[in-house]
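Geometric and topological summary
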Amino acid sequence: MFKFIVRRLLAMIPVILAVTFVVFTIMYFTPGDPTNTILGNEWTEDASAKLKTELGLDQSFLVQFFNYTKNLIQGDFGMSYITRAPVSEQLLARFPNTLKVVAGAMLFCVGLGVPIGVFSGVKPYSLFSNFTMVVGLLGVSLPIFWLGLLLILLFSVQLGWLPSSGIDGFASLILPSVALGANYMANIMRTTRSSMLEVIRQDYIRTAKAKGVNARNVVLNHALQNAMMPTVTVIGMNIGALLGGVVLTETVFSIPGTGRLLVEAINKRDTPTVLGCLVIMAVCVAVSNLVVDIVYAYMDPRIKAQYGGGKG
Amino acid sequence: MDEAVKKYTTRKEFFKQYKKKSRLQETWNRFLRNKMAVIGLFIFIFIVLVAITAPIIANYDTEAIKINVPNRLKAPSTEHIFGTDEMGRDIMARIVHGARISLVVGFASVALALFIGGALGAIAGYYGGKIDDVIMRCMDVFLCLPDVLLALAIVAAFGTNLVNMTIAIGLSFTPKFSRVVRSAVMTVRGIEYVEAARAIGSTNTHIITNHVLINCFGPIVVQVTLYVASAILTISALSFIGLGIQAPIPEWGNMLASGRAYMRDHAYIVMAPGLAIFVTILSLNLLGDGLRDALDPRLK
Amino acid sequence: MESKKMNEQENTLEIRNLVIHYISDEEVVKAVNGVDIIIKAGKTLGLVGETGAGKTTTALSILNLVPEPQGKILSGEILLEGRSVLTMSELELEEIRGDKVAMIFQDPMTSLNPVHTVGAQIAESIEIHRKVSKEEALKQAKEMLELVGIPGERSNEYPYQFSGGMKQRVVIAIALTCSPDLLIADEPTTALDVTIQAQVLKLINELRRKYHMSMLMITHDLGIVAEVCDEVSIAYAGRIVEHGTLEDIFDNLRHPYTKGLFDALPDIEIRRSELKPIKGLMPDPTNLPSGCPFHPRCDYVMEVCSQSLPENKWLSETHCVQCHLYKDTNESRL
C-alpha cells in the first residue's frame, strides 16, 4: 500500500511540471510589457531595460521556465508586479480561505448527496426518489453565481439569517458552501442513486437476502461499499470543478481567497501572481486525485491486493 | 458469377440502409417517449428562435445598448416585461440579444473542441499503442486544470474579445472531448465488422470514416449537447467575473454582475438574466440526458 | 390438484396452485401458472424444464424473494414445514432464510460479494442465526470451508481469488452452514466445467445425506436427476406437466414433452445420424398458446388440446400427468 502511495506521488510530479509548463507558456505570450505595469509613471527606457534584466525577462523562454521551476520547488513563487511583495505571502494568506469554502462545499455535497442518493436508489419508485431526481436535474443546471445571488437575496436580505460576505465564523461559510456545492451535490446524488440501483440488482445481493440478512444490513453492509466506488470516482472528478467554481463563489460572496486573487491579478496583469494561483490550484487537483485513487484502491480488494495490501 | 456478386452487393446495401434507418427510427421513437427530453428540445428550439429573431423583437442599438438614465431601475411592467437595468435599458431586449452571444459562443467553442479533440481522440483510439499514449498524456496534463481556470489563463494572456473567448473555451473542452471520442472509437474498433472491413482491404481512412465515426455518432452527440450547456455556463461565468464579454454588450453573465450592486432593492434585476442561463442550460441537459437514454436504454 | 393423504408434518415443502406473474407497463410475463410441489422430509425432488419454464421464479417464491414490484404472487400457498411462507412477516422470513431453507444459485461468479472475504460471508450467516460471537462464527466458517474441500486458511481471501468451482463450493458452504431443513439448488452446476460438475454434485449429495436435508434440485439435465433425485417434476410454461418417482419418469413416462426431453438425449448405443430435438421453440411467457401450452410442438396433438387446459390426472399413487391423451385411460399413448 505504501509503495502504491509513493509511486503515485512520484507520478504526480511530472504532471504538475507539465501543467506549470502549459500555464507558464500561456502567460509568456501575454502581449504587453510588464515593465509598464511595474514602473508605471516612472517608466523610462533605461529603467525598463534594467528591470528586465533584474527580473530575468530578457532571457530565453526555456531559461526563464527553468528558473521559475527551480524557484517554485523551493517555495519561491516570485514577486508580484504590483505589490512588489513575494507572491507566496499573498497565497499563504488567501489560500486557507479558499480551502475552507471548498471543504464546506465538499461536506455539503457528500454529506447530503450520498445519503439522499442511497435512499432514493434503494426505493427507486417512491415519491422521495422521483422528487430527488427532479431536484437533481434542476441542481445540475443551476449556475453557481446565480444561485449565490439568490441565496443572498433570500437568506441575507429578506430573512437576515446569514451573512452575505466575508469569512469570519461558521455562519459565513454556509451560503458559499451551498452555492458552490449545489451543482456537484446534484451530480453526486444522481450518480449514487444510479450506482445503487445497479448494485441492488446484482446476484450477491440476492445471496445476502437469501441468507436472511435484514433489509437495512443488506444496504449498509453489502450494497453500500460496492455502490460507493463509482461515486468516489465522481467525487474525485468534481474536485477540479469545485476549484474552478470557487473563483465565482469568492466573487459573489466577497471572500478573500485565491480565486479572487487570481481575478484581480489578471485584471492588473500581474503575471507572477496569476501563475502562482494557477499552479497552486493545479497542485490541489493533483493531490486530491491522488487521495481519491488511494481511497478507491482501499475500497476494492482487487486493487488493494495488487499493491501489496492483502494476501495472494 | 458477376451477376451474383452484383446482386449480393445491392442486397447488402439494401439491408444496410434498412438497418440504419430502422435503428434511427427506433432511437427517435424512444426519445419521443421521454417527456422531459421532448420538453427540453422544445425549450431549446424556442431559445434558438428567440436568438435568431432578436433584432425583430428588440432593436439592438436603441433598446439594448443606449443608455437611458431617466428610465433606470424600473420594476417589471407591461412596457418592460423584465424591468429596466441600472442604465435604463430594457432588460428583455438585452436578454434576447444576449441569447445570440451565448448560443454563438457555445456552439462555436464546442465545434472547435469537437474538431481538434475529436481528431486527436479518433487518432489515439484508432491507432492505439504509442500514439495513443503520447496523445493521452498530453491531454491528461490539461485535465489537471479545471476548465474555467484554463479558459481564464488564456483570457488573461490574450485579452477578452469574442474570438478569444471562443477559442479559450473551445480549447478548455478539447482534452475532455478527445477522451470521449477516443473511448467511443476504441469500443467500435473492437467490433467484428471493422475486422471484416480490414479483411477485404479497406484502407484505414476508409474504415475510420465509414464505420468507426458513424457508430461514435451517438455518444458524441450526447456529449456535444452537454458541453454546449457547459460552454454557455462558462462564458456567462467568465463574463460575470469581468473577464468575458464586456459591457455594454449584453451578455447574461455581465448583466448579473452589473445588476448585482442594485439587487438588494431591485431584486428583479438579477432574476431575468439568471433565469435565462438556467433555462438554457436546463433544456440542454434534458436534451442531452434524453438523447443518452434513447441511444442506449440499458444505461438507464 | 388433489393431494394424496399425507401427514403434513412429514412434508418439508408444500406448494399449492402457485401463480406468479411479472407485470410491467408493457407486458405481463406469466412465469408460473398453477404449480403444485410436495417434498417429503429427507427426499430430493428434481424440477426439470428448459429455461423460461418458471423454475427459478418458483424457487425464489419459497423464500418470498420474487423481485418486486414487477413480480406478483397472484394466488397459491407455500407451506414450509406446515408454516405458510406467504403470510409471514419480514422478520419471520429473515429468520427462516438461511436457517430453515437455503438456496444455491446458478452463477457462482456473481453470487459472492466481491468486497467481503469468503470467511466473513459464511460467518455472517452463522452470526445471524446462531447467537455466537464474531470470532466463534469465523471459526465455524473455517470449519465449513474445510467441509466443502477448501483449506481453512483461505477464509481470509476474497472471491476473485477463487476459481468458478471453488466459488460454488463457498456458496454451498454459506447455504449449508446452519443445517437447513430444505436446500434449494438452482442449476448449481450449469455454469461449471464438466469435470467440476461431478465433484460439486458429489459434494452436495454427501452433505445432503449427512444433514438429512430435503432438497429441491432445479436442473435441465436429466443425468443429474438420475443421480440425485428421488422424485421428478417436469415443468413446462409455468405448469407441472408430469410428476413421479424416478422409475415413473424414466421407465414409464407419459407426457409427450417428457418423451421429447428423453428423445433429445444423444444415445450412444443407438447410433442414429441425427439428433432428435423437440420441434418448435419454448413458448413466449407473455403470449402463451391457448389451451395446453405444449400443443403447438406436440406430435400427438388433438383438437381438444388447443381449446382447453388438460386437468391433472393421477395414474398411480406417485405418478400424475396433465395431458388430454390420458383423459380416459392410464395406459401409455405414446
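Residues numbered from 1 in each chain as written. Chains lettered and ligands numbered in written order. Predicted model: local features only at pLDDT ≥ 70, side-chain atom pairs only at ≥ 80, totals over all residues. Heavy atoms only, no water.

**Comments concerning the sheet that holds strand β1 (residues 11-23) of chain C**
All names here are of chain C. Spatially, 4 strands are ordered β2-β1-β4-β5 in an open sheet, and the strand pairing comes out antiparallel. The sheet is open, and its two borders are formed by β2 (28-40) and β5 (83-84), each paired with just one other strand. Packing of helix α1 (residues 55-62) onto the sheet brings it into contact with β1, β2 and β4 (71-80), and relative to β1 it is tilted by some 120°. (Pairing = 2+ DSSP bridges. Helix = DSSP H or I, 4+ residues; strand = E, 2+ residues; numbered from the N terminus. Contact = heavy atoms within 4.5 Å. Axes fitted to C-alpha atoms, helices over the stretch in contact; angles between N-to-C directions.)

**Brief notes about the nonpolar core**
Taken as a class, soluble globular proteins show a tendency for nonpolar side chains to be buried jointly. Core analysis: the largest hydrophobic core is formed by 157 residues, its most contacted members being B:Leu152 and B:Ile241. Ignoring anything within four residues of it in the chain, the contact list for B:Ile241 reads A:Val247, A:Leu248, A:Thr251, A:Val263 and B:Leu152. (Core = buried A, V, L, I, M, F, W, Y, C linked by side-chain atoms within 4.5 Å. Buried < 20%, exposed > 50% of the residue type's maximum accessible area, 1.4 Å probe, protein only.)

**A short note on the interface of chain B and chain A**
Between chain B and chain A, the contact holds 36 residues from the first and 43 residues from the second. In total, about 3600 Å² of surface goes out of reach between chain B and chain A, with carbon and sulfur atoms giving 81% of it. A salt bridge links B:Asp289 to A:Arg190; the nearest nitrogen and oxygen atoms lie 2.5 Å apart. The tally of links from chain B across to chain A stands at 5 residue pairs in polar contact (both at pLDDT 80 or more). Elements that contribute at least two residues to the side of chain B that touches chain A include exactly α6 (129-143), α7 (147-158), α10 (204-240), α11 (252-260) and α12 (268-295) of chain B. Here the side of chain B that touches chain A gets 11 residues from one element, more than from any other, and that element is α12(B). Grouping the amino acids of the side of chain B that touches chain A by side-chain chemistry returns 30 nonpolar, 3 polar and 3 charged. (Buried area = accessible area lost by both parts, 1.4 Å probe. Salt bridge = Lys/Arg side-chain N within 4 Å of Asp/Glu carboxyl O. Polar contact = N/O pair within 3.5 Å; in protein donor to acceptor, adjacent residues only side chain to side chain. Nonpolar A, V, L, I, M, F, W, Y, C, P; charged D, E, K, R; others polar.)

**Focus: the interface of chain A and chain C**
The partner chain C presents 27 residues to the 22 residues of chain A that form the contact. For the pairing of chain A and chain C, the buried interface totals around 2300 Å² over both sides, and the portion due to carbon and sulfur atoms is 57%. Our count for the chain A to chain C interface comes out at 1 salt bridge. Taking the shortest distance from any N to any O, the salt bridge between C:Glu124 and A:Lys211 comes out at 3.0 Å. Between chain A and chain C we count 11 residue pairs in polar contact (both at pLDDT 80 or more) in total. Looking at the side of chain A that touches chain C, the elements that each hand over two or more residues are α9 (203-211), α10 (215-252) and α13 (301-306) of chain A. Of the residues forming the side of chain A that touches chain C, the biggest block, 7 residues, is contributed by α9(A).

**What to know about empty space enclosed by the protein**
By the definition in use, this model includes 6 cavities of 30 Å³ or more. Estimates place the volume of the largest cavity at around 100 Å³. Residue classes in the lining of the largest cavity are distributed as 11 nonpolar, 4 polar and no charged. Taken as a whole, the second largest cavity spans an internal volume of roughly 80 Å³. (1 Å grid on protein atoms, 1.4 Å probe; cavity = no way out; pocket = protein on both sides within 12 Å on 5 of 7 lines; lining within 4 Å. Points joined across faces, edges and corners; volume = space filled by probe spheres on them.)

**Quick look at the environment of A:Arg206**
Its place among the elements puts A:Arg206 in helix α9. Judged by relative accessible area, A:Arg206 falls into the partly exposed class, the value being 25%. Considering only alpha carbons, one finds A:Arg206 and A:Val218, 12 residues apart in sequence, at a separation of 9.3 Å. Beyond its immediate sequence surroundings of up to four residues, A:Arg206 is in contact with C:Leu60, C:Leu65 and C:Phe105.

**Side note on the sheet that holds strand β6 (residues 101-104) of chain C**
Consider a sheet: its strands pair through backbone hydrogen bonds, and that pairing is either parallel or antiparallel. All names here are of chain C. Judged by pairing direction, the sheet is mixed, and its 8 strands sit side by side in the order β6-β7-β8-β3-β9-β10-β12-β11 without closing on themselves. A strand with exactly one partner marks an edge of an open sheet, and here the two such strands are β6 and β11 (312-314). Across this sheet, the average inter-strand angle for adjacent strands is 20°, counted without regard to direction. Strand contacts of helix α6 (residues 164-176): β6 and β7 (182-186), with the helix running at about 170° to β6, the strand carrying the most contacts.

**Regarding the pattern of salt bridges**
Under the criterion given, the structure shown has 17 salt bridges over all chains. A salt bridge links A:Arg201 to A:Glu198, with the nearest nitrogen and oxygen atoms 3.0 Å apart. Residue classification places A:Arg201 among the exposed positions, given a relative accessible area of 61%. A:Glu198 gets classed as partly exposed once you look at its relative accessible area, which sits at 39%. One network of salt bridges, in which partners are shared, links A:Arg190, B:Asp289 and B:Arg292.

**Section: the environment of B:Arg94**
Residue and element names in this part refer to chain B. The residue Arg94 is located in helix α5 (residues 91-127) in this model. By relative accessible area, which is 2% here, Arg94 ends up buried. Counting along the chain gives 60 residues from Arg94 to Ile154, while the straight-line C-alpha distance between them is 27 Å. At 2.5 Å, the side chain of Arg94 and the backbone oxygen of Pro248 are in polar contact.

**Examining unusual backbone geometry**
One can expect most non-glycine residues to show negative phi and most peptide bonds to be in trans. All names here are of chain C. Here the phi dihedral of Ser179 falls at roughly 45°; this positive angle occurs in a residue that is not glycine. Counting through the fold element by element, Ser179 comes out in the loop between α6 and β7. With a phi close to 50°, His212 is a non-glycine residue in the positive phi region. Take His212: it is sitting in the loop between α7 (194-211) and β8 (214-219).

**Examining the arrangement of the chains**
Ranking the 2 pairs of chains in contact by number of contacts places chains A and B first. The smallest C-alpha distance separating chain B from chain C is 13 Å, and no contact links them.

**So, the packing of helix α7 (residues 144-158) of chain A against helix α8 (residues 171-200) of chain A**
Residue and element names in this part refer to chain A. At a minimum axis separation of 9 Å, α7 and α8 run at an interaxial angle of 140°. By the angle class used here, α7 and α8 are oblique. Where α7 crosses over α8, the two elements pack in a sense that is right-handed. Packed against α7, whose contacting residues are Ile144, Leu147, Gly148, Leu151, Ile152, Phe155 and Ser156, the element α8 presents Leu175, Val178, Ala179, Leu180, Ala182, Asn183 and Tyr184 at the interface. (Parallel < 35°, antiparallel > 145°, perpendicular 65-115°, else oblique. Left-handed = near helix turned anticlockwise from the far one by under 90°.)

**A closer look at a negative patch on the surface**
Residue and element names in this part refer to chain C. On the surface, a cluster of negative charge is contributed by Asp25, Glu26, Glu27 and Asp284. Within the secondary structure layout, Glu26 lies in the loop between β1 and β2. Judged by its relative accessible area of 73%, Glu26 falls in the exposed class. (Patch = residues over 30% accessible without salt bridge, like charges linked within 9 Å, V, L, I, M, F, W, Y side chains within 5 Å. Areas by Shrake-Rupley, 256 points an atom, 1.4 Å probe, with all protein chains shown as cover. Lys, Arg positive; Asp, Glu negative; His and termini not counted. Charge placed at Lys NZ, Arg CZ, Asp CG, Glu CD.)

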